[in-house]
Amino acid sequence: MAFQKTLSILKPDATRRNITGKINAKIEASNLRIIAQKRLHLSIAQAQAFYAVHAERAFFGELCQFMTSGPVVVQVLEGEEAVAGYRDIMGATNPTNAAEGTIRSEFAESIEANSVHGSDSVENAVKEISFFFSELEIVG
């Protein structure tokens, strides 16, 4: 087992409905620690840069519009196998396929408004964390 960090984003649908505390409680109950956290409002340029890997996909424009529609909460999570562990607690992207008890099964409104984002690999976690946080902001 490896001790890892991963990025979490609580999306605009979660901040709009004021459920960030409920999501944080699920994260912490899954033995992940929140070691950095801030609330911000992404610009279109920031959203496009962050999601650049999806630039050629049909949903890219809608994704960027959604992610800039309201504030988000970006977080660094830490724990044993944090990347896979957080993906497990998030649940499937499509909330109708998400396992019972996961964040998306409980809180998502749709495939797009699915309340959370999480890094999909250790390598991407490193890139995504550095997109939002300096080393000084991460306190383990």
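Before reading on, note that the structure itself is shown above.
A few points on the structure. (Residues numbered from 1 in each chain as written. Predicted model: local features only at pLDDT ≥ 70, side-chain atom pairs only at ≥ 80, totals over all residues. Heavy atoms only, no water.)

In this section: the nonpolar core. Ranked by size, the top nonpolar core spans 21 residues in total, and within it Ile9, Met67, Phe132 and Phe133 carry the most contacts. Contributions of two or more residues to this core are made by β1 (3-10), β2 (33-40), α3 (44-50), α4 (60-67), β3 (72-80) and α7 (122-132). For this core, the element with the most residues is α4, which contributes five residues. Setting aside residues up to four positions removed in sequence, Ile9 forms contacts with Phe50, Tyr51, Met67, Val72, Val73, Val74, Ser115, Val116, His117 and Phe132. Formed by 15 residues, the second largest nonpolar core is a distinct cluster that contains Leu10, Ile27, Val73 and Ala82. (Core = buried A, V, L, I, M, F, W, Y, C linked by side-chain atoms within 4.5 Å. Buried < 20%, exposed > 50% of the residue type's maximum accessible area, 1.4 Å probe, protein only. Helix = DSSP H or I, 4+ residues; strand = E, 2+ residues; numbered from the N terminus. Contact = heavy atoms within 4.5 Å.)

Right, let's get into α4. Burial in α4 covers these residues: Phe60, Leu63, Cys64, Phe66 and Met67. Angularly, the buried residues of α4 cover 160° about the axis, an arc narrow enough to put them on a single face. Away from the buried face of α4 by more than 90 degrees, exposed residues Glu62 and Gln65 are located. In this structure, the buried residues of α4 make contact with β1, α1 (12-16), α3 and β3. (Arc of directions from axis to C-beta.)

On to the side chain of Asn114. Within the fold, Asn114 resides in the loop between α6 (103-107) and β4 (116-118). Looking at Asn114, its side chain comes within polar contact range of the main-chain oxygen of Ile111, at 3.0 Å. Those residues in contact with Asn114, other than ones at most four positions away along the chain, are Lys11, Asp13, Thr93, Arg104 and Ala108. (Polar contact = N/O pair within 3.5 Å; in protein donor to acceptor, adjacent residues only side chain to side chain.)

For Asn31, which is not glycine, the phi torsion reads 70° and is therefore positive. By the secondary structure assignment, Asn31 is in the loop between α2 (20-29) and β2. One non-glycine residue, Ser115, lies in positive phi territory at about 75°. Along the chain, Ser115 turns up in the loop between α6 and β4.

Here β1 lies mainly inside the structure; six of its eight residues are buried. Of the pairings in the sheet, the one linking β1 to β3 comprises eight bridges and is antiparallel in character. Residue pairing for β3: Gln4 is matched across the bridge by Gly79. (Pairing = 2+ DSSP bridges.)

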